[in-house]
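Given next are the chains, with one letter for each unit.
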Amino acid sequence: MAQQKSETVFAPWDDPDQKPIIQFKSVTKRFGSFTAIDNIDLDIFEREFFALLGPSGCGKTTLMRMLAGFETPTEGTILLEGKDIAKVPPNKRAVNMMFQSYALFPHLTVYDNIAFGLKRSDMPKSEIAGRVEEMLTLVKLNKFAARKPHQISGGQRQRVALARSLAKAPKLLLLDEPLGALDKKLRQETQFELMDIQEKTGTTFVIVTHDQEEAMTVASRVAVMDEGKLVQVATPAQIYETPNSVYVADFIGEVKIIEGTATPLGDDRYEIQWAEGQPAIRAACSTPLTAGSRVFYAIRPEKVAITAERPKDAANAVKGRILDIAYLGNISTYHVELPDGQSIKAQTANNRRLARRSFTWEDTVWLSWTDTAGVVLTS
Amino acid sequence: MNIRRLFLIAVPYLWLGALFLVPFIIVLKISLSDAAISIPPYTPTLDFSGGWEALKQFFSKLDIENYVFLTEDDLYWKAYASSLKIAIISTLATLVVGFPIAYGMARASDEWRPTLMMLVILPFWTSFLIRVYAWIGILSTEGFLNQFLMWIGVINEPLSIMNTELAVYIGIVYTYLPFMVLPIYSTLEKMDASLLEAAEDLGCTRTSSFWLVTIPLSRPGMIAGCFLVFIPALGEFVIPSLLGGSQTLMIGKVLWEEFFNNRDWPVASSVAVILLLLLVIPIILFQRNEEKNKELEL
Ligand SMILES: Nc1ncnc2c1ncn2[C@@H]1O[C@H](COP(=O)(O)OP(=O)(O)O)[C@@H](O)[C@H]1O
Ligand SMILES: [Mg+2]
C-alpha cells in the first residue's frame, strides 16, 4: 500500500530503470527524395497516453504507419518491447490502429466489425461473443450491435472503430486523428471517454492530433513535430510552461514573442533590451547566455497583470493603451498597444459581472509580470 | 406550371408506351392469332371499320393454341433449357475473366487507368458483326489459333472449335466482357484502400483480406455485371448462329427460324413472349440489386 503511494506520479520517462515499450532509433523515412521523417529518436513507455502534435503534413501519420507496419523506415530501427519489428508484417504485430477515416467494414454489422479481429486470432470461438459484448459495453453501443455502419451516427462509428481496435487487447493502440470528424462538444466528451478507457484497459495509446488543446487534455506526454523532426517531447505542463523553442511556444496556446539582446545580471538572471525607450525585461533563465546574445522572450497573456497604476514591486512593467477587448465569457483578453507600436495581450478572469469591469477602450494601463513569468528562448 | 410538370412526367411514359408497350401488345396479339398464307401472314387482322360486332368477332378468334403447341413440341423446351444453360455458363465464364481485369484496372496507377478503360471500351467502336466474323477467322480449322498452336507444336491436328458450344461461349464472353468489367471496376475503384489496411491490421493476410473484404464489397458490381451479361445472352441470336453452327440450340435461333424460314409469325411471337416472361424475373432481381446498392450509398 505504502509503495503504491509513491507511484501516484506517473513518469516512467524520468525513471532510468523503466524499459520503453517502443523505441525509435535514428529513424528516417523518405518518399523518393522527400524526407517525411527526419532522424527521429523517441521512447514511449507502457501505459502512456502519448500524443503526436504538429501541423498537417509534418509526418504524424507516417510515424504511425511505421508503427502499424504499413511503412518501413528507410533508415534506423523501431523496437517494440526491445525487438526490431522491421520484418514483422502488420497482421502479426501486437499493435492495432484506429484509422483516421475509421475504415469500418460497410458490409458487416457493428458486432461483426468488432469481432473481425478476434475471429482472425487464436481466441476460441466460445470466448469471442463475450469479448465483443465487453467491448460494446465499454463504448456503450450494446443496443446498436446489429446495425450496419451506415445506420449509425458519426460519433457512434468512431466508437465502433475504437472498440474494434481495442478488442484484441493490443499492447499498443494507434489513434490517427480519431476525433477529427466530431463537433467540439462531442469531441471533448470523447476525449474524457478515451482517457477513461485508456485507464481501464491499461493499453499504451499513441494519438495523432493537430489540435493542441486535445493533446494537452488527453496526453501524459506530447511530442511536437515540425517537418519530420521532433521539436520537443515533454509533459503537457512542461510544453506549455517551458517550451524549448519559439516554434513550440507559438504552436501551443497564445503567446507574445519579444526579440531582444540579453545582458547577464548573475545568478541566472538576465536583462533583455528589446525596444528604444522601454525598460529592459528582467527574466530568469537556467541555461547560461553570453552578454549581447540574441534571445526571444515568450510571455503568455494569463501571466500578464493589468492595472491602472504602476504596481510598486513588479519586476517588469510597461505602460500602454487598450486597443481592443475580447470578451470570452469566463475570461477577457486585453490587447494593449505600447508607445512603439508593439502590442501585448493580458488576460484576466471574469469573476465580476461585466458592468463592473474596471477598464475600457482607450484607457491607459500598466502591464506587469514577474521575472519568472516568461521564458527566454534562443531559437 | 402544372402543364409543364405533366408534360415532363408524361414524356418517359409516352416513350415507354410507344417503344415498348405498343410493340409488345402487337407481338402478344400476333402470338394469339393463327398462321395464314396472306400478307401479313396471320389472321385475324384488326379492322375498325366493321364497328362493334367486327371487334367482338376479332377477339373471339384469338386463342392460346400457339402456346399449347410450344408445350407439345419438345424442340422449344430444349431450346429454352439449352439457352438457359449457355447463358448461365457464359455469364460465369465472363465473371471469371472479367473480375481479374476489373481488379487490375482498379489497382493500376492513376495515369494508366484512362488507357485501360479505353482498351475495354475500344471494341464497341467496331461493328459487332465484324468482330464476331473475326472470331470465325481465329477459331476455324485453318484459323489463326489452330495455326499458331500447331506452329508452336502443342497440337498436331487442328482443334475443331468452330461450330461447337465452346465457340459460342468464347463469343459471348468476348462480346459481353465490358458489361462485366465496368460495374465491377466501379465498385472496386470506390473501395476505400484503408479498409484493406484495417483488415491486415486486425490479423488478415493479403489473401484473406481479399476474400473477406474485397469480394464482399465488390459483390454488388459482380451481381450487376452478371445480369447485364445474362439478360442479353439468354436471347442471343447472332453469336450462336455464326459461331455455334447447326448443333447449338438457342432460343434466339429458333425464333429467327420460325419467323423467316417457317414464316410462322404467331408461333414465333409466342416464343418471343415466353422469352420475355423468362427475362422479367432476372430484370426485376437486377433492379432490386441496384436499388439496394443505392440505399447503401446514401
Ligand atoms: N506514400 C507517400 N508517398 C509520397 N509522399 C508521402 C506518402 N505518404 C506521405 N507522404 C508525404 O509525407 C509528408 C507527411 O505526411 P503525413 O505523415 O501524412 O503527415 P500528417 O499526418 O502529419 O499530416 C507529407 O508531405 C506527405 O505528402
Ligand atoms: Mg495525417
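Residues numbered from 1 in each chain as written. Chains lettered and ligands numbered in written order. Predicted model: local features only at pLDDT ≥ 70, side-chain atom pairs only at ≥ 80, totals over all residues. Heavy atoms only, no water.

**Thoughts on the overall build of chain A**
Argument step 1. Broken down by element type, chain A carries nine helices and 20 strands.
Argument step 2. Overall, chain A is about 75 × 55 × 50 Å in size when its C-alpha atoms are taken along their principal axes.
Argument step 3. A burial count over chain A gives 47% of its 379 residues as buried.
Argument step 4. The contacts in chain A between residues at least 6 apart in sequence include a share of 66% that link residues at least 24 apart.
Argument step 5. When the accessible area of chain A is evaluated, it comes to approximately 18700 Å², of which 49% is carbon and sulfur surface.
Argument step 6. Placing the 46 positive and 47 negative side-chain charges of chain A at their respective mean positions leaves the two points 7 Å apart. (Helix = DSSP H or I, 4+ residues; strand = E, 2+ residues; numbered from the N terminus. Buried < 20%, exposed > 50% of the residue type's maximum accessible area, 1.4 Å probe, protein only. Contact = heavy atoms within 4.5 Å. Areas by Shrake-Rupley, 256 points an atom, 1.4 Å probe, with all protein chains shown as cover. Lys, Arg positive; Asp, Glu negative; His and termini not counted. Charge placed at Lys NZ, Arg CZ, Asp CG, Glu CD.)

**Describing the sheet that holds strand β4 (residues 75–80) of chain A**
Within a sheet, adjacent strands bond to each other through the backbone by hydrogen bonds, running parallel or antiparallel.
All names here are of chain A.
Argument step 1. What the four strands build is an open sheet, ordered β2-β1-β4-β5; its pairing is antiparallel. The strands lining the two open edges of the sheet, one partner per strand, are β2 (34–44) and β5 (83–84).
Argument step 2. Bridge analysis of strand β1 (residues 22–31) against β2 gives seven bridges, and the strand direction is antiparallel. For Ile22, the partnering residue across the bridge sits in β2 and is Ile44.
Argument step 3. Contacting β1, β2 and β4, helix α2 (residues 60–68) runs over the sheet at an angle of about 115° to β1. (Pairing = 2+ DSSP bridges. Axes fitted to C-alpha atoms, helices over the stretch in contact; angles between N-to-C directions.)

**A look at the environment of Glu291 of chain B**
Argument step 1. The topology assignment puts Glu291 of chain B in helix α13 (residues 265–297).
Argument step 2. The sequence separation of Glu291 of chain B and Cys204 of chain B amounts to 87 residues, and the corresponding C-alpha distance is 31 Å.

**A look at the confidence of the model for chain B**
Argument step 1. Mean pLDDT over chain B: 89, with 99% of residues reaching 70 or higher.
Argument step 2. Listed scores for the predicted complex are pTM 0.80 and ipTM 0.80. (pLDDT = per-residue confidence, 0-100.)

**Looking at the site of ligand 1**
Residues and elements named next belong to chain A.
Argument step 1. Contacts to ligand 1 come from Phe31, Phe34, Ala36, Pro55, Ser56, Gly57, Cys58, Gly59, Lys60, Thr61 and Thr62.
Argument step 2. Between an oxygen atom of ligand 1 and a main-chain N or O atom of Gly57, the distance comes to 2.6 Å.
Argument step 3. At 3.2 Å, a backbone N or O of Cys58 approaches an oxygen atom of ligand 1.
Argument step 4. Taken by itself ligand 1 offers 560 Å² of open surface, and the protein chains cover 59% of this.
Argument step 5. Among the secondary structure elements, those contributing two or more residues to the shell around ligand 1 are β2 and α2.
Argument step 6. If one sorts the elements of the shell around ligand 1 by residue count, α2 sits on top with three residues. (Near = heavy atom within 4 Å. Polar contact = N/O pair within 3.5 Å; in protein donor to acceptor, adjacent residues only side chain to side chain.)

**Here we look at the domain arrangement of chain A**
Residues and elements named next belong to chain A.
Argument step 1. Assigned domains of chain A: these are domain 1 (12–248) and domain 2 (254–377).
Argument step 2. For domain 1 and domain 2, the distance between their C-alpha centres works out to 39 Å.
Argument step 3. Counting residues at the interface gives eight residues for domain 1, matched by seven residues for domain 2.
Argument step 4. Roughly 620 Å² of surface becomes buried between domain 1 and domain 2 when both sides are summed, with 57% attributable to carbon and sulfur atoms.
Argument step 5. By the criterion of area lost to domain 2, the three top residues of domain 1 are Tyr240, Pro243 and Val246, representing 72% of everything that side buries.
Argument step 6. In this structure, Glu241 and Lys303 form a salt bridge, with 2.8 Å as the shortest nitrogen-oxygen distance. (Domains from an automatic or database assignment. Buried area = accessible area lost by both parts, 1.4 Å probe. Salt bridge = Lys/Arg side-chain N within 4 Å of Asp/Glu carboxyl O.)

**Looking at the side chain of Thr91 of chain B**
Argument step 1. Along the chain, the position of Thr91 of chain B falls in helix α4 (residues 74–107).
Argument step 2. Here Ala87 of chain B takes part through its backbone oxygen, which lies 2.6 Å from a polar atom of the side chain of Thr91 of chain B.

**Considerations on the interface of chain B and chain A**
Argument step 1. With 17 residues of chain B at the contact, the number on the chain A side is 21 residues.
Argument step 2. Counting the surface chain B buries against chain A, the share from its top three residues, Glu197, Asp201 and Leu202 of chain B, is 39%.
Argument step 3. Inspection of the chain B/chain A interface yields one salt bridge.
Argument step 4. Between Arg65 of chain A and Glu197 of chain B there is a salt bridge, with its nearest N and O atoms 2.8 Å apart.
Argument step 5. If you look at where chain B meets chain A, you find eight residue pairs in polar contact (both at pLDDT 80 or more).

**Points about the side chain of Asn113 of chain A**
All names here are of chain A.
Argument step 1. For Asn113, the position within the fold is in helix α3 (residues 110–119).
Argument step 2. Residue classification places Asn113 among the buried residues on the basis of a relative accessible area of 0%.
Argument step 3. With near-sequence residues (within four places) excluded, Asn113 lies in contact with Leu104, Phe105, Leu108, Pro149, Val160 and Arg164.

**What to know about the pairing of strand β10 (residues 229–234) of chain A**
All names here are of chain A.
Argument step 1. Strand direction decides the pairing type here: strand β9 (residues 221–226) and β10, joined by five bridges, are antiparallel. In the sheet register, Val224 faces β10, and the bridge partner there is Gln232.
Argument step 2. Count of turn residues in the β9/β10 antiparallel hairpin: two residues, of which Glu227 carries a positive phi of about 45°.

**Considering the nonpolar core**
Argument step 1. Within the largest apolar cluster, 51 residues are counted, with the highest numbers of intra-cluster contacts made by Phe99, Ile172, Ile184, Ile239, Leu243, Ile251 and Val271 of chain B.
Argument step 2. Elements with a minimum of two residues in this core: α4, α6 (128–139), α8 (165–190), α10 (206–234), α11 (238–243), α12 (251–261) and α13 of chain B.
Argument step 3. Those residues in contact with Ile251 of chain B, other than ones at most four positions away along the chain, are Tyr76, Ala79, Tyr80, Ser83, Leu234, Val271 and Leu275 of chain B.
Argument step 4. Ranked by size, the runner-up nonpolar core spans 44 residues in total, among them Leu141, Ala145, Ala215 and Ile239 of chain A. (Core = buried A, V, L, I, M, F, W, Y, C linked by side-chain atoms within 4.5 Å.)

**Describing the pairing of strand β18 (residues 343–349) of chain A**
All names here are of chain A.
Argument step 1. Across seven bridges, strand β17 (residues 331–337) lies against β18 in antiparallel orientation. Opposite Thr333, over in β18, you have Gln347 as the bridge partner.
Argument step 2. Adjacent in sequence and paired antiparallel, β17 and β18 are bridged by five residues, among which Gly341 carries a positive phi angle near 100°.

**Section: the sheet that holds strand β7 (residues 172–176) of chain A**
All names here are of chain A.
Argument step 1. Pairing is mixed in the open sheet, where six strands are placed in the order β6-β7-β8-β3-β9-β10. Where the open sheet ends on each side, the last strands, each with one partner, are β6 (95–98) and β10. The mean inter-strand angle of the sheet, taken between neighbouring strand axes irrespective of direction, is 20°.
Argument step 2. One ladder, built from four bridges, connects β6 with β7; its direction is parallel. When the bridges of β7 are listed, Val95 appears paired with Leu172.
Argument step 3. Of the strands in this sheet, β3 (49–53), β7 and β8 (204–209) are in contact with helix α6 (residues 184–201), which crosses β8 at around 160°.

**So, the environment of Ile85 of chain A**
Residue and element names in this part refer to chain A.
Argument step 1. Secondary-structure assignment places Ile85 in the loop between β5 and β6.
Argument step 2. Residue classification places Ile85 among the buried residues on the basis of a relative accessible area of 7%.
Argument step 3. Those residues in contact with Ile85 that lie beyond four places of it in its chain are Leu67, Ile78, Leu80 and Arg93.

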